[in-house]
Amino acid sequence: MADPIKPDQILDLKGLLCPMPVVKLSMAVKKLQAGQTIEGIATDPGVMADIPAWARTSGNELLSIEQQGKEYHFIVKKTA
Amino acid sequence: MADNTAVSKALQVLERQLNRPLMAALQVCARCGVCAEACHYYVADGELEHVPAYRAEELRKVYRRKHDFFGKHLPNWVNAQDLDEATLEKMAEMAFSECTLCRRCTFNCPMGVDTPLMMRALRAMATASGKAPEILEMLADAAIEKGKDPAMFRDLFVAQVAEMEKELQALVGDPNARITVEREGARVLYVALAGAHTILPPAAIFWAAKEDWTLSIYEAANYGVFLGDTARAKTIASRIIDEAKALKVQEVIVAECGHACASLVWDAPIWFQEQFPFRVRSLVEVMAEYVQQGRLPLDPSANPEAITYHDSCNLARTSGIYREPRVILNAVTTNLREMTPNGLENYCCGGGGGLVALPEYDDKRMKAGKPKVDQIRKTGAEIVVAACENCRLQLGDLNAHYSMNVQITALADLVVKAMRLPKSVAVPLPNAAAVAVGE
Ligand code: SF4
Ligand code: SF4
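Our subject in this report is the structure included herewith. (Residues numbered from 1 in each chain as written. Chains lettered and ligands numbered in written order. Predicted model: local features only at pLDDT ≥ 70, side-chain atom pairs only at ≥ 80, totals over all residues. Heavy atoms only, no water.)

### Comments concerning the interface of chain B and chain A
You'll often see interface size given as the accessible area lost when the parts meet.
Then comes step 1: At the junction of the two partners, chain B supplies 31 residues and chain A supplies 25 residues.
Then comes step 2: Of the roughly 2,300 Å² buried between chain B and chain A on both sides combined, carbon and sulfur atoms contribute 69%.
Then comes step 3: Here chain B and chain A share five salt bridges between them.
Then comes step 4: Among the salt bridges present, the one from Lys70 of chain A reaches Glu167 of chain B, with a minimum N-O distance of 3.8 Å.
Then comes step 5: If you look at where chain B meets chain A, you find four residue pairs in polar contact (both at pLDDT 80 or more). (Contact = heavy atoms within 4.5 Å. Buried area = accessible area lost by both parts, 1.4 Å probe. Salt bridge = Lys/Arg side-chain N within 4 Å of Asp/Glu carboxyl O. Polar contact = N/O pair within 3.5 Å; in protein donor to acceptor, adjacent residues only side chain to side chain.)

Structure (structure tokens):
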């Protein structure tokens, strides 16, 4: 299924193992403006649990997260 | 009026942490300098500030100002110093980026001075005063969040494990091979790390050993430990402890990860003031036991490459697990080449203490890892095995940074490769930490 949202930035997290996907995502989100979105693409299945938990604690909004074959795609919106 | 400045918060934590071992560490040092060569940071660049005793002195100055007679009244005489915010920030950076808590200095100190204990106290002071690295706090808080609401990810996790179960069946050639999740009454609860690479190889080994095991929904890593934050570390550990109690397992087996094992085996019983109704061991100890009991069908000729083993500080020095990896390696490889020194005396890889997760200190981490690179190169090994995820991440980064051209792998991967499986299905070499992380 194609993502309906067009993200402002794409972040390639493929091949990275926990905790690096969350570390890199949080660094990238820091550089965004409030309201901007970022799509992360990872191969570590751990992100399916870690990204939602990170979004809750960091207060950013997780717009979608899904498995596409061997990849995990998620879109995060930076909140103010 | 309550004083809520960062400095006063840090000092309050120091006072709270002052137990006998910490006071002994703060009061004793012969200034002999023996610890200098023990520390990989000093070995890497020979800078005075990287002598463990020099680091400790930074905290001792503050301690003396409060607790030493001369320090209180004639601070200049005894080099005692009030803590100010700039000094606190400097010390926080030192504790998080220039000490991996590897304990090699303590092992080599004629007086047994526990410098890493002081660095842990500093980390706790920094965390309480808002001076700790944000990323470590974020990782710890995300783990706590997962524990509050396991329903948020449990179904997804179970679905992922079902996929892995199919891979396991193909790998071992047995359509009945299972990976159950949180099965009550299993003998063993295995706690992996995030990602299939710490689930699939152990699952194959448990299958071969006919172990009665089930998988935890949590990951074994505990970032609260790196923060020196007992409250967070306890909350993270309690997810697993409560899970093990609810499932009534007899044993918790922790994935190949140094700090995760050390914190559950050594710290948790102190944090909780409790003897748990189950035993906790590292997967490394359990695999060695299987080997010694002859429960795994092994053919060491499957791993003919020149292989060296990197001892994780938390496994070897903190937990005394340095013979077991050799028991395993002697059974699954044919060309083991030890580093010098190794075992209890092994040098830290430079990635411990949570440092691999802190990109802001990548340069320092690469520099501090140079002694390890030299050690590895001298062995001529093609494969470097480590039983710790932090070490493997760091070794992967060192591999890329210094173009070492080696392969990094976990013990379980080599065991699986050496296993004679019923249907000889090709076993792909796992991707654990084969990937460079930092940029
Ligand atoms: S080896 Fe021990 S006593 Fe000697 S300087 Fe280092 S910490 Fe002090
Ligand atoms: S614990 Fe390790 S890194 Fe820290 S000062 Fe001692 S030898 Fe150096």
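The discussion continues.
### So, the layout of surface pockets
Residue and element names in this part refer to chain B.
Then comes step 1: Put simply, the largest pocket is a space of about 1,100 Å³.
Then comes step 2: Forming the walls of the largest pocket are 42 residues, and the residues nearest its centre are Leu117, Arg120, Val225, Asp267 and Trp271.
Then comes step 3: Elements that contribute at least two residues to the lining of the largest pocket include exactly α1 (6-17), α2 (20-27), α8 (115-128), α12 (223-227), α13 (230-247), α14 (258-272), α16 (313-318) and α20 (389-401).
Then comes step 4: Per element, the largest residue contribution to the lining of the largest pocket is eight residues, and it comes from α14.
Then comes step 5: Residues that form the lining of the largest pocket fall into these classes: 19 nonpolar, 16 polar and seven charged. (1 Å grid on protein atoms, 1.4 Å probe; cavity = no way out; pocket = protein on both sides within 12 Å on 5 of 7 lines; lining within 4 Å. Points joined across faces, edges and corners; volume = space filled by probe spheres on them. Helix = DSSP H or I, 4+ residues; strand = E, 2+ residues; numbered from the N terminus. Nonpolar A, V, L, I, M, F, W, Y, C, P; charged D, E, K, R; others polar.)

### Some remarks on the state of the cysteines
Residue and element names in this part refer to chain B.
Then comes step 1: Throughout the structure, instances matching the rule amount to zero disulfides over all chains.
Then comes step 2: Free of any disulfide, Cys349 has its nearest neighbouring cysteine sulfur in Cys391, separated by 4.1 Å.
Then comes step 3: You can call Cys349 buried: its relative accessible area is 1%. (Disulfide = S-S within 2.5 Å. Buried < 20%, exposed > 50% of the residue type's maximum accessible area, 1.4 Å probe, protein only.)

### Overview of unusual backbone geometry
Then comes step 1: Omega for the bond connecting Cys18 of chain A with Pro19 of chain A falls within 30 degrees of zero, at 5°, which places this linkage in the cis form.
Then comes step 2: The residue Pro19 of chain A is located in the loop between β1 (9-13) and α1 (20-30) in this model.
Then comes step 3: Going from Thr340 of chain B to Pro341 of chain B, the amide bond is cis rather than trans, its omega being -10°.
Then comes step 4: In this structure, Pro341 of chain B sits in the loop between α17 (323-332) and α18 (362-368).
Then comes step 5: A positive phi angle, close to 45°, is found at Glu182 of chain B, a residue other than glycine.
Then comes step 6: Within the element layout of this structure, Glu182 of chain B appears in the loop between α10 (151-172) and β1 (188-191).

Any link to function would need more than the numbers given here.
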